[in-house]
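Chain by chain, the residues run as shown.
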Amino acid sequence: MTSRFRLVLIVGLLSLTLAGCGDAFNAGPIEYRDSELFTTKVKGSADLVGKPNLQATVRKALADLFGPTPQNIKVPEGSGLIEGGRLLANREEVDGRIKPLSYQSALKGSNVPVAGGYALYRKYCLHCHGVQGAGDGPTAEFLYPIPRDYRRGVFKFTSTAPSNPKPTRADLRKTLVHGLHGTSMPAFEALMDPAGIEQVIDYVIFLSMRGETERNLIAEAALASKDDPAELSADTIKEIVANVVNNWKSVEGIVVNPKARRVESSKESILRGRNIFLGINTTGNKVACTDCHGAQGIGNGTSFVEKKLFDKVVFGRKTIEKAIEVRYHELEDEHASASIPAGEGHGHSGLGMLPEKFDDYKSRELTNWEKGSMDDWGNPLRPANLNLGVYKGGRRPIDLYWRIAKGINGAKMPAHANLLPDDQIWDVVNFILALPYEPDLLKDADALKKNAAKPASVTQR
Ligand code: HEC
Ligand code: HEC
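A brief report on the enclosed structure follows. (Residues numbered from 1 in each chain as written. Chains lettered and ligands numbered in written order. Predicted model: local features only at pLDDT ≥ 70, side-chain atom pairs only at ≥ 80, totals over all residues. Heavy atoms only, no water.)

1. Here we look at the overall build of the protein chain
When you go through the protein chain residue by residue, the secondary structure sums to 16 helices and 4 strands. Sorting the 461 residues of the protein chain into buried and exposed places 47% on the buried side. In the protein chain, of all internal contacts separated by at least 6 residues, the share reaching a separation of at least 24 is 66%. (Helix = DSSP H or I, 4+ residues; strand = E, 2+ residues; numbered from the N terminus. Buried < 20%, exposed > 50% of the residue type's maximum accessible area, 1.4 Å probe, protein only. Contact = heavy atoms within 4.5 Å.)

Below, the structure written as structure tokens:
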């Protein structure tokens, strides 16, 4: 790619001060850190361990495409960002000279000085999402769930399909304006003006493009049989970045809109939705909400490890093996005190007295942990407790429609658009919205499921 295709932007420290961001926040230049896949082996990912020449090639390609440091931004050709990415920064290079950007046109009449996406990100987002958007800022290790790593190019809450689609600007705007309820991701409506929100959206997309390009370059270079820079040709690099950019640009075309209007909420609709939730009357398709959310919808389905075990790992910071051991002893104690009459108990009961042997418990919960309890970023995941009325992706009916119809990307919650027609999805939405106020809806869940399993009652609705 030649430089005439690129728009080169340069942000200096001075410009940040000019833009009103205090030194307390922006104290000196920062640097991108390489992906861990340069030098470490991660299960399920390609890496460049032991290939220093290809590592250097990838590093150089990234610097050429996106700029060498966060202070020196370049934007790949045809990025699709507003004004070619100009609003990422607030100074730009024109004919070899660095000039302040004029924001007047972008702001449509507003005279408020704007910091640029980079400076806004640095001030408001970096401490959680990290310099390169890896979700590894200094605050991150104290949070559950941890902040999003943008570098996979996967975002949970989108209105788009099919698999792991990019979010639209409107999806990202909603996340930024309202935050993600029930997590530490704040609502920025009061902190930033609408122009600032658009600029920081550009910056998130920029970091995601950079991170996904890095990941894909590593995957391509990892295929090389020898550590020779020629194995990653300029054409291949160009193709890889074009793919990443195009996925972002084609996103408006893949928005999923309901084909049927929302079914009005009524007792009947809510009960129909409840039965679908329980896997009853789903016209032969397997709808298995309860496998994950549990029959009472509290998020304790059998596809995931026990909540108490989960908490020991995530909040007690134990390894899964240690947590399993500790939890089994607790179960033993609970079992002993429940089954031995008062006055007769003398400490531990033997393992044989438990309904399940330690080895069985261990192997089941280990499998659940590795297969079920992780999201695509490798972080521990819990199904939502649907009795709380707290929805990360928003509580409007259309938000819940999107969650159920097309799932939550990277987080195991599957799409149901191919299993349920739209009117049934709306019934489920009505049920979900009613549940926190009518917990009795799931009081007889187990009996309803059992009854439905008998062929004679399958048609009951
Ligand atoms: C206090 C920490 C914190 C701060 C500050 C923060 N975030 Fe987040 N952010 C999170 C967490 C945690 C998540 C993931 C929640 C989850 O996965 O359930 C997240 C997720 C996101 C997502 C992904 C949404 C999706 O659909 O997957 C985007 C985009 C995002 N944040 C952008 C931003 C931007 C831009 C800023 C600054 C203006 C910011 N965040 C500031 C914690 C934070
Ligand atoms: C394979 C497991 C699985 C199945 C099946 C499943 N879910 Fe989920 N669901 C999850 C997980 C995990 C989350 C939490 C994701 C997160 O927080 O990132 C979730 C979250 C949700 C949320 C919260 C959305 C939000 O914005 O916070 C709703 C509502 C929901 N599921 C409804 C359903 C319904 C209804 C069904 C059946 C039609 C269903 N789920 C089937 C795993 C599942």
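That covers the picture; the talk isn't over yet.
2. Comments concerning the layout of surface pockets
Its volume calculated, the second largest pocket comes out at about 580 Å³. As for the second largest pocket, its lining consists of 24 residues, of which Val42, Arg152, Asp376, Trp377 and Gly378 are closest to the centre. In terms of residue count, helix α7 (residues 194–222) provides more of the lining of the second largest pocket than any other element does, 3 residues in total. Residue classes in the lining of the second largest pocket are distributed as 6 nonpolar, 7 polar and 11 charged. (1 Å grid on protein atoms, 1.4 Å probe; cavity = no way out; pocket = protein on both sides within 12 Å on 5 of 7 lines; lining within 4 Å. Points joined across faces, edges and corners; volume = space filled by probe spheres on them. Nonpolar A, V, L, I, M, F, W, Y, C, P; charged D, E, K, R; others polar.)

3. Re the site of ligand 1
Neighbouring ligand 1 are 27 residues; Cys125, Cys128, His129, Lys156 and Met185 lie closest to it. In this structure, an oxygen atom belonging to ligand 1 sits 2.7 Å away from a main-chain N or O atom of Lys156. Within the side chain of Lys392, an N or O atom sits 2.8 Å from an oxygen atom of ligand 1. Elements that contribute at least two residues to the shell around ligand 1 include exactly α5 (126–129), α6 (169–178) and α7. (Near = heavy atom within 4 Å. Polar contact = N/O pair within 3.5 Å; in protein donor to acceptor, adjacent residues only side chain to side chain.)

4. Some remarks on the coordination of the iron atom of ligand 2
All of the protein donors around the iron atom of ligand 2 are His293 (NE2) and Met413 (SD); their distances to the metal are 2.0 to 2.1 Å. For Met413, a relative accessible area of 22% gives the class partly exposed. (Donors = N, O, S within 2.8 Å, 3.2 Å for Na, K, Ca; no water.)

5. Concerning the site of ligand 2
In the region of ligand 2, 26 residues are neighbours, and Cys289, Cys292, His293, Lys392 and Met413 sit closest. One of the side-chain nitrogen or oxygen atoms of His293 is found 2.8 Å away from a nitrogen atom of ligand 2. Elements that contribute at least two residues to the shell around ligand 2 include exactly α10 (289–293), α14 (397–406) and α15 (422–434). Within the shell around ligand 2, the residues separate by chemical class into 18 nonpolar, 3 polar and 5 charged.

6. What about the coordination of the iron atom of ligand 1?
Coordination of the iron atom of ligand 1 by the protein involves His129 (NE2) and Met185 (SD), with metal-donor separations of 2.0 to 2.1 Å. Coordination geometry of the iron atom of ligand 1: the 6 donor atoms subtend angles of 86 to 178 degrees at the metal centre, consistent with an arrangement described as octahedral. You can see His129 sitting in helix α5 and its partner Met185 sitting in the loop between α6 and α7, a full 56 residues away along the chain. Classification of Met185 by relative accessible area gives buried; the value is 18%. (Tetrahedral: all angles 85-135°; square planar, octahedral: opposite > 155°, others 65-115°.)

7. Structural notes on the side chain of Gln132
Along the chain, the position of Gln132 falls in the loop between α5 and α6. On the accessibility criterion, Gln132 (3% relative accessible area) is buried. A polar contact of 2.6 Å, which involves the side chain of Gln132, links it to the backbone nitrogen of Arg33. Ignoring sequence-local partners within four residues, the contact set of Gln132 consists of Glu31, Tyr32, Arg33, Arg151, Leu207 and Arg210.

8. Structural notes on the pattern of salt bridges
Taken as a whole and judged by the stated rule, the model has 25 salt bridges. One salt bridge connects Glu306 with Arg327, and the closest N-O pair in it is separated by 2.8 Å. On the criterion of sequence distance, the pair formed by Glu306 in the loop between α10 and α11 (307–314) and Arg327 in helix α12 (residues 320–339) is long-range, its members being 21 residues apart. Judged by relative accessible area, which is 3%, Arg327 ranks as buried. The closest approach of N and O atoms between Glu365 and Arg364, which form a salt bridge, is 3.9 Å. By relative accessible area, Arg364 is classed as partly exposed at 39%. Here the residues in one salt-bridge network are Glu306, Lys312, Arg327, Glu330 and Glu334, joined through shared partners. (Salt bridge = Lys/Arg side-chain N within 4 Å of Asp/Glu carboxyl O.)

9. Focus: the packing of aromatic side chains
According to the stated counting rule, one finds 14 aromatic pairs in the structure shown. Geometrically, the ring pair formed by Phe155 and Trp248 is edge-to-face, given 5.7 Å between the ring centres and 75 degrees between the ring planes. You can see Phe155 sitting in the loop between α5 and α6 and its partner Trp248 sitting in helix α8 (residues 234–249), a full 93 residues away along the chain. Judged on exposure class, the residue Phe155 and its partner Trp248 are both buried. Linked through ring pairs, Phe66, Tyr118, Tyr121, Tyr203 and Phe206 together constitute an aromatic cluster. Above the ring of Trp377, the side-chain terminus of Arg148 is found at 4.6 Å from the ring centroid. (Phe/Tyr/Trp six-rings, centres within 6.5 Å; stacked < 30°, edge-to-face > 60°. Lys NZ or Arg CZ within 6 Å of the ring centre and 35° of its normal.)

10. What about the packing of α14 against α15?
Axis separation between α14 and α15 bottoms out at 9 Å; the angle between their running directions is 120 degrees. Considering the relative orientation of α14 and α15, their crossing is right-handed. Contacts from Pro397, Ile398, Leu400, Tyr401, Ile404 and Ala405 in α14 reach Asp422, Ile425, Trp426, Val428, Val429, Ile432 and Leu433 in α15. Here the contact of α14 with α15 is composed, by residue class, of 12 nonpolar, no polar and 1 charged. (Axes fitted to C-alpha atoms, helices over the stretch in contact; angles between N-to-C directions. Left-handed = near helix turned anticlockwise from the far one by under 90°.)

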